[in-house]
Amino acid sequence: MEKPTDPTAVIMNRLQEREREQILILSICKALSEAETKEEFHFVVSDLLKEHLSFEDFIFAFSNEAETAYEIFYQLTAPKTQDNKTYSTADGFFDACANNADTVIFDLKALTERKNNIPDYLHSINTKGFKNGIGICLPYSKGSRNVLFLFFRNTTAFTRESNRIIRGIATQFSITFRNLKMKERYESNLAELIRLKSTPELKKVPVKKKEPQGFYGIVGKSEAMQQVYELIQQVAASYSTVLIFGETGTGKELIASAIHQLSLVSNEKIVRVNCASIPENLIESELFGHEKGAFTGATEVRIGKFEQAHNGTIFLDEIGELPLELQGKLLRVLQEKEIERIGGKNTLKVNVRVIAATNRLLEKEVAEGRFRIDLYYRLNVFPIALPALRDRPEDIELLGNFFLEKHSQKNGKKVKGFSKKVINSMTAYAWPGNVRELENMVERSTLFAKEEMIKEMSFPEIFKTESTISETDFYTKTLQEVEKEHILKVVQKCGGRISGPQGAAVLLDLPGTTLISKMQKLGIKKGHF
């Protein structure tokens, strides 16, 4: 008689299988990210994907958000077909997948026998003997709904592992598709421009709407921001709660919007709540709603923000400002996925993706009794730390030019750039208000500009980097030297602890990751303390 399988061995085997899956997913994502042409995309599908997923045919279909028709972008068995033929999104095939977060399985023979209006490509696939089709809705990508269809002679070829692999690479599929479409559009526009230049009588060139800059509206090419973009892409396709923290004005709402746009619920709404802007006596009603007559002035039923965000995303900005007595109720909503309106007797189920943000150091708030530790751990599932603008100086000129173009057009000005002196001053300035302050300063300078170049920018006195005292009068330490000494003293005082309630980050009022980054830049090592 065989001995029962060792549970530890079973667990280890499963972990090893998942590790192999993750390595495969990363290699496929890397190959997709490097595909710059349709031919390279075809190679990834026909070689790498087909080897591991064992499908017979592969179709990538897309539809623009406002349209009722969709197109085939790519088909494995006909990779060079480019007839731009459209099909109705209500064909019972595309819409069945686009409106479903789960994998949809089709019986092709039954489908072709039952429906008269199915797309012609399904008939041709059915004649090849493929019995089953798998449809998967990919993450929403800037106005485009994308669906992936896989066809098999037998659905047993599509395993749970196959489904996990497809889900793991789904976001990268949407990004690669968008990049390839943008390249096609660029090449088409370039060809049109060359034609217009060679045709003198065509003087008027149609103005094309510009694509939003940056990563889903976020401007920045620094290494710090590239790390943030990578975190966004890692968490977007999951349903995990995200906590975004960083100083005021670093763009936390933009990060939340990017996560939502890349998520599986991107076709649903994102509801935004600023916990600091709602009066304390109204915030419970704002979040959870109330019944008619629940209190004086409640003349009708109010639907709360969580109900409004059902099946979508709710963004709780300034979560650190939430009153302590409401934190317990929010924790219950996160754990139980249900709410009760004020004055109501029934509980209501809500399915909501939660993204929270704060400019406070929540570890310090917990230590001082102003924030519940259980709520902190429930929110801090996937933290994303946003760097301050002064920690990514290479992005300052890029952001300045972006805001200059935006506000020049808005105010009817013809300002085209900054002088070298202004750029140097902008780079040297501390920007305590971060990106929001930079935008305000650029807008103000644009309004006062009398030439095509901004040659002066007025900075608050306390932050000016220039001094009226001659360097020969006396020696002064640089800001880096002062900052390094101060951080060293605090770290030594905390016994070398960086994070946690007793760590130096709490005393310095900085996120632990920001302090570690600063110490690395200043050359502070363990040996110093």
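Residues numbered from 1 in each chain as written. Predicted model: local features only at pLDDT ≥ 70, side-chain atom pairs only at ≥ 80, totals over all residues. Heavy atoms only, no water.

Draft legend 1. Region of the structure containing empty space enclosed by the protein. This structure, assessed with the given rule, holds two cavities of 30 Å³ or more. Contributing to the lining of the largest cavity are 13 residues, with C137, L138, Y140, S266 and N267 lying nearest its centre. By residue number, the principal contributor to the lining of the largest cavity is strand β6 (residues 144–152), which donates three residues. Residues of the lining of the largest cavity, tallied by class, amount to seven nonpolar, five polar and one charged. (1 Å grid on protein atoms, 1.4 Å probe; cavity = no way out; pocket = protein on both sides within 12 Å on 5 of 7 lines; lining within 4 Å. Points joined across faces, edges and corners; volume = space filled by probe spheres on them. Helix = DSSP H or I, 4+ residues; strand = E, 2+ residues; numbered from the N terminus. Nonpolar A, V, L, I, M, F, W, Y, C, P; charged D, E, K, R; others polar.)

Draft legend 2. Spotlight on the sheet that holds strand β4 (residues 104–107). A sheet is described by the order of its strands in space; here six strands give the open sequence β3-β2-β1-β6-β5-β4, paired in antiparallel fashion. Pairing within the sheet leaves two strands with one partner each, and these edge strands are β3 (86–88) and β4. On average, each strand axis in the sheet is tilted by 30° relative to the strand beside it, whichever way the strands run. In this structure, strand β2 (residues 69–75) lies alongside β3, joined through three bridges in antiparallel fashion. The residue bridging E71 from the neighbouring strand is T86, located in β3. Of the strands in this sheet, β1 (57–64), β2 and β6 touch helix α2 (residues 38–53), which is tilted by about 75° from β2. Packed on one face of the sheet, helix α6 (residues 160–197) meets β1, β2, β5 (132–137) and β6 and runs near 125° to β6. (Pairing = 2+ DSSP bridges. Axes fitted to C-alpha atoms, helices over the stretch in contact; angles between N-to-C directions. Contact = heavy atoms within 4.5 Å.)

Draft legend 3. Summary view of the packing of helix α14 (residues 396–410) against helix α16 (residues 434–448). Close contact between α14 and α16 brings their axes to 9 Å; oriented N to C, the two are set at 45°. On the basis of their axis angle, the class for α14 and α16 is oblique. α16 is crossed by α14, and the crossing has right-handed handedness. Side by side, α14 and α16 meet where I396, L399, G400, F403, L404, K406, H407, S408 and K410 of the first sit next to V435, L438, E439, V442, E443 and T446 of the second. Here the residues of the contact of α14 with α16 sort into seven nonpolar, four polar and four charged. (Parallel < 35°, antiparallel > 145°, perpendicular 65-115°, else oblique. Left-handed = near helix turned anticlockwise from the far one by under 90°.)

Draft legend 4. View of the sheet that holds strand β9 (residues 313–317). Taken in spatial order, the five strands line up as β8-β9-β12-β7-β13 in an open sheet, and their pairing is parallel. Edge positions in the open sheet fall to β8 (270–274) and β13 (382–385), since each of these has one partner strand only. Strand-to-strand twist in this sheet, taken as the mean axis angle between neighbours without regard to direction, amounts to 20°. The sheet contact formed by strand β7 (residues 242–245) and strand β12 (residues 353–358) spans four bridges and is parallel. When the sheet's bridge partners are listed, V242 is paired in β12 with I355. Where helix α7 (residues 223–236) meets the sheet, it contacts β7, β12 and β13, and its direction lies at approximately 160° from that of β13.

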